[in-house]
Amino acid sequence: MLIIGCDYHPSFQQIAFVDTDTGKLSERRLGHREEAEHFYQEVRQRKVAVRVGMESSGHSRWFERLLRDLEFELWIGDAAEIRTKRVRKQKTDRQDAQLLLKLLMEDRFPRIWVPDAANRDMRQLLWHRHRLVQMRTRVMNQLHVVALNEGLRRKKALWRPAGRTELESIVLAPWASRRRQDLLDLLDRLTPKIQELTRALEEEVEKRPVTRRLMTHPGVGALTALAYELVIGTPERFHCGKQIASYVGLVPEEKSSGDRRRLGHISKQGNVLLRFLLVEAAQVTVRSQPEWRNTFFHLAMRRGRKVAKVAMARKLAVHLYWMWRQGRDYGQLQKFGSHAGEPGNPDGAQ
């Protein structure tokens, strides 16, 4: 078997590899993409089992596809945990590759869960729609500024047919008029694309029973539920709701020692889009559910509205986790509670 420790960079990779049959250790620096593809194609012709270990990083999709097509085993490691295993003060690409190889050989490689190709491609749909919506919002804000500068204040009514006609009828200077027309053209192009992506998202949701179950929670729509399922992957990866909150970056940083406990801002680790959607969905839940609204205002009075919003997003993430893990919709979760069936609590809250 050939075991390879790969220190991956966007333009090259430094590898250290050993043949377990002969014990021969080698090192190479491979440029991307031609040199690296040629090397791994040659290894494939030797018809030996290959395991490649690398840190989690971006810009490596082509490399992962290459190893999958060659039927090589790829292990992705937790970069933060790998850094803790580095003993030397010096850090070079060669030493990084050697460290990865050492962890693989000693069976101490901190392997992490990696979504499959279909999951990653579906995430592109969510990101693409999200970015287009952001672009449309910027365009609409600029048009609002154009209208306000001319004394026209219509808020949301500006996008109704009457408001649009009123905006177009304003007499402007030549370049201001050109700006208005270009922004309106961008708005007309973005809206149909967003609607098309929304329809594709809704069609995908219909195929996923887990997503539809999560949507029974007040405030959770198709976008948030689908993003939650794609990012979490499977609830069995986590043992409790605290781990879910930590995974999506909704727990505070902590630097405690002795009797002193220091808590900072939230860690913001994990998927940025899911964290954003959870905060937005939690605010909708607060407006529609009296219990959530009471909790929110109590927190807002003590810690401020921003902290309260994040706290409600964390609560929502935990609720969705228990709904998924126990296979219950929101009504059943309210009836039986999240810990029903545990010792001392066979039926849950009634």
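For the structure, see preceding data.
As the structure is a prediction and not an experimental result, all values here were calculated from the model.

**What about helix α12 (residues 290–303)?**
The α-helix advances 3.6 residues per turn, and as a result positions three or four apart in sequence lie on the same side.
Next, step 1: An ideal rise of 1.5 Å per residue puts 20 Å on 14 residues; α12 measures up with 20 Å between its terminal C-alpha atoms.
Next, step 2: Along its buried surface, α12 packs onto α11 (272–288), α13 (305–326) and α14 (330–336).
Next, step 3: Taken from the residues just after α12, glycine 304 is the one with a positive phi, measuring 100°.

**Observations concerning the sheet that holds strand β3 (residues 25–31)**
Next, step 1: Ordered by their spatial adjacency, five strands build an open sheet running β3-β2-β1-β4-β5, and the pairing between neighbours is mixed. The two strands at the open ends of the sheet, each matched to only one other strand, are β3 and β5 (73–77). Strand-to-strand twist across the sheet, computed as the mean angle between neighbouring axes with direction ignored, equals 20°.
Next, step 2: Looking at chain direction, strand β2 (residues 12–19) and β3 are connected through seven bridges and run antiparallel. For alanine 16, the partnering residue across the bridge sits in β3 and is glutamate 27.
Next, step 3: Contacting β1 (2–8), β2, β3 and β4 (50–55), helix α1 (residues 34–45) crosses the sheet at an angle of about 140° to β3.

**Here's the deal with the pattern of salt bridges**
Next, step 1: According to the stated counting rule, one finds 17 salt bridges in the structure shown.
Next, step 2: One salt bridge connects arginine 108 with glutamate 106, and the closest N-O pair in it is separated by 2.8 Å.
Next, step 3: According to the relative accessible area criterion, arginine 108 is partly exposed, its value standing at 37%.
Next, step 4: Residue glutamate 204 is joined to arginine 208 by a salt bridge in which the shortest nitrogen-to-oxygen separation is 2.9 Å.
Next, step 5: The structure contains a network of salt bridges with shared partners spanning Arg86, Lys91 and Asp96.

**Some remarks on the pairing of β2**
Next, step 1: Within β2, eight of the eight residues are buried, leaving the element largely enclosed by the surrounding structure.
Next, step 2: The side-chain alternation of β2 yields two buried faces, one formed by Phe12, Gln14, Ala16 and Val18 and the other by Gln13, Ile15, Phe17 and Asp19.
Next, step 3: Alignment of β1 against β2, held across seven bridges, turns out to be antiparallel. From the neighbouring strand, glycine 5 faces β2, where its bridge partner is alanine 16.
Next, step 4: Hairpin geometry of β1 and β2 is characterised by an intervening segment of three residues between the two adjacent antiparallel strands.
Next, step 5: Taken together, β2 and the strand that follows it, β3, pair antiparallel across an intervening segment of five residues, in which glycine 23 is found at a positive phi of about 80°.

**Digging into unusual backbone geometry**
With the exception of glycine, the majority of residues adopt a negative phi angle, and the majority of peptide bonds are in the trans configuration.
Next, step 1: Looking along the chain, the bond that leaves histidine 32 and enters arginine 33 is cis, with omega of 0°.
Next, step 2: You can see arginine 33 is positioned in the loop between β3 and α1.
Next, step 3: Positioned with a positive phi, glutamate 71 is a non-glycine residue whose angle comes to about 65°.
Next, step 4: Take glutamate 71: it is sitting in the loop between α2 (61–69) and β5.
Next, step 5: You can call glutamate 71 exposed: its relative accessible area is 65%.
Next, step 6: Unusually for a residue other than glycine, lysine 268 sits at a positive phi of about 60°.
Next, step 7: Secondary-structure assignment places lysine 268 in the loop between β7 (263–266) and α11.

**Digging into the environment of threonine 285**
Next, step 1: Within the element layout of this structure, threonine 285 appears in helix α11.
Next, step 2: Taking the relative accessible area as the measure of exposure, threonine 285 reaches 0% and is therefore buried.
Next, step 3: A sequence separation of 68 residues divides threonine 285 from histidine 217, and the C-alpha atoms of the two residues are 8.4 Å apart.
Next, step 4: What threonine 285 contacts, discounting residues up to four positions off in sequence, is His217, Pro218, Gly219 and Trp292.

**What about the side chain of glutamate 64?**
Next, step 1: The topology assignment puts glutamate 64 in helix α2.
Next, step 2: With a relative accessible area of 12%, glutamate 64 lands in the buried category.
Next, step 3: Not counting chain neighbours up to four residues away, the residues in contact with glutamate 64 comprise Leu74 and Arg120.

**A word on helix α9 (residues 222–232)**
Next, step 1: Burial analysis of α9 places 10 of its 11 residues in the buried class, which makes it a mostly covered element.
Next, step 2: Glycine 233, located one to two residues past α9, shows a positive phi value of around 80°.

What counts as what
Residues numbered from 1 in each chain as written. Predicted model: local features only at pLDDT ≥ 70, side-chain atom pairs only at ≥ 80, totals over all residues. Heavy atoms only, no water. Helix = DSSP H or I, 4+ residues; strand = E, 2+ residues; numbered from the N terminus. Expected span 1.5 Å × (residues − 1). Contact = heavy atoms within 4.5 Å. Pairing = 2+ DSSP bridges. Axes fitted to C-alpha atoms, helices over the stretch in contact; angles between N-to-C directions. Salt bridge = Lys/Arg side-chain N within 4 Å of Asp/Glu carboxyl O. Buried < 20%, exposed > 50% of the residue type's maximum accessible area, 1.4 Å probe, protein only.

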